[in-house]
Amino acid sequence: MVNGEPLTDFDIEQRSKLDFLTAHKQPARQDIINQLIDEKLKIKEAKKFGVDPSGSDIDESYGQMAGRMRINPDQLTKSLESQGIRPDTLKSRIRADMVWTALVRGRYKERLQVGERDVNRQIKAQGGDDTQKADAFEYKMQPIVLIVPKGAPPASFESRQKEAETLRARLQSCDEANSYFKSMPNAAIREAVVKTSADIPPVLRKVLDDTPIGHLTPPEVTKQGVEMVVLCDRKPTTVDTPIRKEIREKIYAQKYEATSKAYLDEIRKAAMIEYSK
């Protein structure tokens, strides 16, 4: 019993199966019990502060998890059921994680802030220069898509790829690209976006660094058709760098973990937890 709410053998069995499915090793029964106790406490504490996601919010997160596995929600449900796991077992874990993250971040926002001094101190401790500004750029770019209708044959994609390569050789400025693609049938050019090196994956950074300003990146086939980016500007920035972003995220994660543990320990001490034999 957790604050008067029962925790059953069935709950423990279901969570054990789920943990075995995700971790590929058999968890200890007491670890599962502690995990479920913590989740009940997290959900109750969150409700005190009005953090209580709706069923549709949980379903959306469940669907996003399925998407990351490259399956749809129904397929995820069938996969769980084939292992003897009810989908509500996973949804309960999702709910607890969702409310606890929101609660800790909301209540301890100031405590979790990472200052530039923290980042600089960590960089120096690793033997680096606390500025770490080299090779950091700000990119201004516009995404472009040559649309291929859904269900079109592979030849349609090949044709549009050849078209894209021709345009790469011809267009040499953002103005030219805007003028051309805004009047081109079955094509679209989106509004300009600005990203820094820290916001962009390494593979895409290399592509942008290898692309002359005003030119198009190599075409990529997607569900929508053939996509490219026209690079309008690239300039050094002092805003952020990939290494600073990585260190900032690491420090934040450490602060969050410590704050979360202390908070959970606090509500566990105040809880009524009874074990039946």
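Just so we're clear, the structure is a prediction, and the values are computed from it rather than from any experiment.

**Description of the state of the cysteines**
Applying the stated rule across the entire model yields 1 disulfide. Paired by a disulfide, C174 and C232 hold their sulfur atoms 1.8 Å apart. The sign of the S-S torsion, about -95°, decides the handedness of the disulfide formed by C174 and C232: left-handed. Of the two residues, C174 is situated in helix 8 (residues 174–183) and C232 in strand 5 (residues 225–236); the sequence distance between them amounts to 58 residues. The burial state of C174 is the same as that of C232; both residues are buried.

**Some words on helix 10 (residues 242–270)**
Over its 29 residues, helix 10 extends 42 Å from the first C-alpha to the last, a length consistent with the 42 Å expected when each residue adds 1.5 Å. Residues R244, I247, R248, I251, Y256, T259, S260, Y263, L264 and I267 constitute the buried set of helix 10. The elements touched by buried residues of helix 10 are helix 2 (29–48), helix 5 (87–107) and helix 6 (116–125).

**A word on unusual backbone geometry**
Positive phi, close to 50°, is recorded for N3, a residue that is not glycine. Here N3 lies in the segment before helix 1 (9–23). Note on N3: relative accessible area 28%, which makes it partly exposed. Unlike most non-glycine residues, R70 shows phi in positive territory, near 65°. Among the secondary structure elements, R70 is positioned in the loop between helix 3 (55–68) and helix 4 (73–82). Residue class for R70 comes out exposed when judged on its relative accessible area of 79%.

Rules and cut-offs
- Residues numbered from 1 in each chain as written.
- Predicted model: local features only at pLDDT ≥ 70, side-chain atom pairs only at ≥ 80, totals over all residues.
- Heavy atoms only, no water.
- Disulfide = S-S within 2.5 Å.
- Helix = DSSP H or I, 4+ residues; strand = E, 2+ residues; numbered from the N terminus.
- Buried < 20%, exposed > 50% of the residue type's maximum accessible area, 1.4 Å probe, protein only.
- Expected span 1.5 Å × (residues − 1).
- Contact = heavy atoms within 4.5 Å.

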